[in-house]
Amino acid sequence: SEIVCDVANGKIDFGVFGLSTLHENRFHQQFQEELNRLTVVPLFTDKATCVMHRHHPLAQKSRLLPEDIQTSLMVPDYADDYSPQYVHISVHAGIHKRLMQTQHTILPTAGRFADLLFPEKDYVFVPIEADMDTLFFLIYRKELVFTALERSFLEVVTETAQKL
């Protein structure tokens, strides 16, 4: 994950990232060196859902199976750092909206954020029936020294997120 590397290398001080439970072990192996330099605080777990345009053939289903997703057109590679083995909360909602309308793509993502990223009635959210939860973490470098105010801020953010 770009966020993990940026925090570990000091480009940014904090990061929040989501990770699919399907690939948690592989992720820890791949980023072991970076994770050893970080404090990783679990925030919450969210169920995976699939966002799609309301006219997509899968939009009428009440739940999706992994095979439904595998046979559908996923969001294509549009950035070098896109990594389809992880479930992402994308900051490129505009690109996804265009692709969902023009190419009938689907976007697996975390359920809590789907309605925030896609509030328009043109998009539907179909739960994915699989062991595909997304784990969310707050990360920062172990070497950072915080003021009392910064420490208090981190505690409030963590407690609030864990109550979600």
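The structure displayed is predicted, hence computed values, not measured ones.

Chemist: I would appreciate a short explanation of the pattern of salt bridges in the present structure.
Modeler: Close approach of charged atoms allows side chains of opposite charge to pair. Tallied over the full model, the rule gives eight salt bridges. With a closest N to O distance of 3.6 Å, D46 and R112 form a salt bridge. Here D46 is found in strand β2 (residues 38-46), whereas its partner R112 is found in helix α6 (residues 111-117), with 66 residues between them in sequence. Note that K97 and E120 form a salt bridge whose closest N and O atoms lie 2.8 Å from each other. Here K97, found in helix α5 (residues 93-102), pairs with E120, found in the loop between α6 and β5 (123-127); they are 23 residues apart in sequence, far enough to count as distant. When its relative accessible area of 32% is taken as the criterion, E120 is described as partly exposed. Beyond isolated ion pairs, a larger network of salt bridges with shared partners links D13, R141 and E143.

Chemist: Whenever I open this one, the sheet that holds β5 confuses me. Can you help?
Modeler: Hydrogen bonds along the backbone pair up the strands of a sheet, which may run parallel or antiparallel. Ordered by their spatial adjacency, three strands build an open sheet running β4-β3-β5, and the pairing between neighbours is antiparallel. The strands lining the two open edges of the sheet, one partner per strand, are β4 (106-110) and β5. Taken over all neighbouring pairs, the strand axes of this sheet differ in orientation by 30° on average, direction set aside. Pairing analysis gives five bridges linking strand β3 (residues 48-53) to β4, with the strands arranged antiparallel. Looking at the pairing, A48 lines up with A110 of β4. Sitting on the sheet, α5 touches β3, β4 and β5, and the angle it makes with β3 is about 60°.

Chemist: Would you explain helix α7 (residues 148-163) in this entry?
Modeler: For an α-helix, the turn length of 3.6 residues means that residues three or four places apart are oriented alike. Here α7 is 16 residues long and its end C-alpha atoms lie 23 Å apart, about the 22 Å a rise of 1.5 Å per residue gives. All of the buried residues along α7 are L154, T158 and A161. Down the axis, α7 shows its buried residues gathered within 70° of arc, on one side only. Of the exposed residues in α7, those oriented more than 90 degrees away from the buried face are A148, L149, F153 and K163. Of the surrounding elements, those touching the buried residues of α7 are β1 (14-20), β2 and β6 (134-141).

Chemist: Got a minute to help me understand the sheet that holds β1 in this structure?
Modeler: Ordered by their spatial adjacency, three strands build an open sheet running β1-β6-β2, and the pairing between neighbours is antiparallel. Edge positions in the sheet fall to β1 and β2, since each of these pairs with one other strand and no more. Adjacent strand axes in the sheet meet at a mean angle of 25° when their direction is disregarded. Note: β2 against β6, eight bridges, orientation antiparallel. Bridging across to β6, T39 finds its partner in Y140.

Chemist: Would you mind showing me how to read the side chain of D46 here?
Modeler: The buried category is assigned to D46, whose relative accessible area is 8%. For D46, the side chain forms a polar contact with the main-chain nitrogen of R112, separated by 2.6 Å.

Chemist: Explain the nonpolar core to me, please; I cannot follow it from the model alone.
Modeler: Side chains of a nonpolar character, in soluble globular proteins, are inclined to be buried together. Grouped together as the largest cluster of nonpolar side chains are twelve residues: V4, V7, A8, F17, L19, F27, F31, L35, L38, L135, F137 and I139. Elements supplying a minimum of two residues to this core: α1 (2-8), β1 and β6. With residues near it in sequence (within four places) discarded, V4 still touches F17, F27, F31, E34, L35, L38 and I139. One finds C50, I69, I106 and M132 within the second-largest nonpolar core, a separate group that totals eleven residues.

Parameters and conventions
Residues numbered from 1 in each chain as written. Predicted model: local features only at pLDDT ≥ 70, side-chain atom pairs only at ≥ 80, totals over all residues. Heavy atoms only, no water. Salt bridge = Lys/Arg side-chain N within 4 Å of Asp/Glu carboxyl O. Helix = DSSP H or I, 4+ residues; strand = E, 2+ residues; numbered from the N terminus. Buried < 20%, exposed > 50% of the residue type's maximum accessible area, 1.4 Å probe, protein only. Pairing = 2+ DSSP bridges. Axes fitted to C-alpha atoms, helices over the stretch in contact; angles between N-to-C directions. Contact = heavy atoms within 4.5 Å. Expected span 1.5 Å × (residues − 1). Arc of directions from axis to C-beta. Polar contact = N/O pair within 3.5 Å; in protein donor to acceptor, adjacent residues only side chain to side chain. Core = buried A, V, L, I, M, F, W, Y, C linked by side-chain atoms within 4.5 Å.

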